[in-house]
Amino acid sequence: MEAYFQKVQALLQTVRQTQGEAILEAASRCTEVILARKRLFFFGTGHSHMLAEEPFYRAGGLIPVVPILEPSLMLHEGAVKSTRMERLGGIAEILLDRHEAGAGDAIFIISNSGLNAVPVEMAIGAKRRGLTVVALTNIAQSQSSEPRHESKQRLFELADLVLDNCGPHGDAAISLEPYPIAVGPTSTVVGAFIINAIVVQIADNFRRLGEQPPLFMSANVAGGDEHNKKWIEALREGGYRIPL
């Protein structure tokens, strides 16, 4: 336990030191997207889908967030099936069409390896539609293996902006000798930090501009329901298409 705690602490410090500028840049671009009344999409397969849900509909979260959640690419309908599905071509195009993603929107594509067909095609399709593509990935992990997509490209090679979770090879961080398999994955906890750091910075950007950031309150505190309803109605009247 203590070794894992120290590893996560060290990784967060590394992210702060090496990804700080990229986090600020991502927040700046997202601020522009929201001010232009466009949307922030989040997408991931397998365990990465948790990070696509992380900023959606929660206390202190941005309202114009749209997670792309495809059950066949998640784990609850079959973990082995999900792994096989994310290696198939053609799925990303269907999802982008389904969500009507378009020019001026931004999309965060989360994939620790950045090698499989669906995340890579999501980046390709999103760029073709005029979205800003932000990759949250592990660059060292991605560079260590051959890409599985027919283009022979990796996610980080296609993105407009790359955020590196700086994790260990294979994600799990703690070796337990003499056993050969490590435990303690880091991509989720570090990825959640990166995403929420961007959200915090976006809110601060709005404050500096003298604008009120479109944020949810907790529905479990006094006034939360009323606050959220007011924002949702106002944004929908302004043309936002948000899945609530």
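These remarks concern the structure in this document. Per chain, residue numbering runs from 1 following the sequence as it is written. Only residues with pLDDT of at least 70 are given local features in this predicted model, and only at 80 or more are side-chain atom pairs given and counted; all residues enter the totals for whole chains, interfaces and linings. By convention in this description, side-chain values take in all heavy atoms of the structure and omit both hydrogens and water.

For helices, the fitted axis covers only the stretch in contact; all axes are lines through C-alpha atoms, and the angles between them, taken along N-to-C directions, range from 0 to 180 degrees. In this text, helices come from DSSP runs of H or I with a minimum length of four residues, and strands from runs of E with a minimum of two, each type numbered from the N-terminal end. Packing of helix H4 (residues 91–98) against helix H5 (residues 117–128) brings their axes to within 8 Å, and their N-to-C directions diverge by 45°. With respect to H5, the axis of H4 lies oblique. Here H4 and H5 pass one another in a crossing that is right-handed. Mapping the contact onto sequence places Ile91, Ala92, Glu93, Leu95 and Leu96 in H4 and Val118, Glu121, Met122, Gly125, Ala126 and Arg128 in H5. For this classification, Asp, Glu, Lys and Arg are treated as charged, while Ala, Val, Leu, Ile, Met, Phe, Trp, Tyr, Cys and Pro are nonpolar and the rest, including Gly, are polar. For the contact of H4 with H5, the per-class residue count stands at seven nonpolar, one polar and three charged. Any angle that falls under 35 degrees is termed roughly parallel, while one over 145 is termed roughly antiparallel, one within 65 to 115 roughly perpendicular, and all others oblique. In this scheme the handedness of a crossing depends on how the near helix is turned from the far one: anticlockwise by less than a right angle means left-handed, clockwise means right-handed. In what follows, residue pairs with any heavy atoms lying within 4.5 Å of each other are defined as contacts.

Here, a salt bridge means any side-chain nitrogen of Lys or Arg that lies within 4 Å of a carboxyl oxygen of Asp or Glu. Counted according to the given criterion, the structure contains 11 salt bridges. Between arginine 129 and aspartate 97 there is a salt bridge; the shortest N-O distance is 2.6 Å. Here arginine 129, found in the loop between H5 and strand E4 (132–137), pairs with aspartate 97, found in helix H4; they are 32 residues apart in sequence, far enough to count as distant. A 1.4 Å probe rolled over the protein chains alone gives each residue an accessible area, and that area as a share of the maximum for its type sets the label: buried under 20%, exposed over 50%, partly exposed in between. When its relative accessible area of 19% is taken as the criterion, arginine 129 is described as buried. Aspartate 97 gets classed as partly exposed once you look at its relative accessible area, which sits at 49%. We note a salt bridge from glutamate 157 to arginine 154, for which the minimum N-O separation is 3.5 Å. Among the charged side chains, a salt-bridge network with shared partners connects Glu93, Asp97, Arg128 and Arg129.

Residue glutamate 177 is joined to proline 178 through a cis peptide bond whose omega torsion reads 10°. Mapped onto the fold, proline 178 is located in the loop between strand E6 (172–174) and strand E7 (183–185). Look at glutamate 100: it is not a glycine, yet its phi comes out positive at around 55°. With respect to the helices, strands and loops of the structure, glutamate 100 is situated in the loop between H4 and strand E3 (106–110). Positioned with a positive phi, aspartate 171 is a non-glycine residue whose angle comes to about 80°. Locating aspartate 171 in the fold gives a position in the loop between strand E5 (161–164) and E6. Assessed through its relative accessible area of 14%, aspartate 171 is described here as buried.

For aspartate 164, the position within the fold is in strand E5. Comment: no salt bridge for buried aspartate 164; closest opposite-charge side chain is arginine 154, at 12 Å. Engagement of the side chain of aspartate 164 in a polar contact is seen with the backbone nitrogen of cysteine 166, the distance being 2.9 Å. Not counting residues within four places of it along the chain, the set of residues in contact with aspartate 164 comprises Val15, Gln19, Thr137, Asn138, Ile139 and Ile194. Working convention for charge: Lys and Arg count positive, Asp and Glu count negative, and His plus the chain ends are omitted. Throughout this description, a polar contact denotes any pair of N or O atoms lying within 3.5 Å of each other; where both atoms belong to protein, one of them has to be capable of donating a hydrogen while the other can accept it, and for residues adjacent in sequence the pair is counted only when both atoms sit in side chains.

What follows concerns the environment of arginine 128. Looking at the element boundaries, arginine 128 is found in helix H5. A residue is classified by how much of its surface remains accessible, and arginine 128, at 54% relative accessible area, is exposed. For the pair arginine 128 and glycine 102, spaced 26 residues apart in sequence, the C-alpha separation works out to 9.2 Å.

As a further point, take the packing of aromatic side chains. Side-chain rings of Phe, Tyr and Trp, where Trp is taken by its six-membered ring, are said to pair if the distance between their centres is within 6.5 Å; with planes under 30 degrees apart they count as stacked, over 60 as edge-to-face, and otherwise as tilted. Counted under the stated rule, the structure contains three aromatic pairs. Here phenylalanine 56 and tyrosine 57 contribute two aromatic rings whose centre-to-centre distance is 6.2 Å and whose plane-to-plane angle is 45°, an arrangement assigned as tilted. Ring geometry for tyrosine 57 against phenylalanine 216: centres 5.0 Å apart, planes inclined by 85°, an arrangement best described as edge-to-face. In this pair, tyrosine 57 sits in the loop between helix H2 (49–53) and strand E2 (65–68) while phenylalanine 216 sits in the loop between helix H8 (187–208) and helix H9 (224–237), placing the two residues 159 residues apart along the sequence. Of the aromatic side chains, those joined through ring pairs into one cluster are Phe56, Tyr57 and Phe216.

Residue pairs three or four apart in sequence face the same way in an α-helix, which turns once every 3.6 residues. For H4, the set of buried residues is Ile91, Ala92, Leu95 and Leu96. Buried residues of H4, seen end-on, are gathered within an arc of 130° and therefore sit on one face of the element. Residues of H4 that are exposed and angled more than 90 degrees away from the buried face: Ile94 and Arg98. Against strand E1 (40–44), E2, helix H3 (79–85) and H5 lie the buried residues of H4. The directions from the helix axis to the C-beta atoms form the arc being described.

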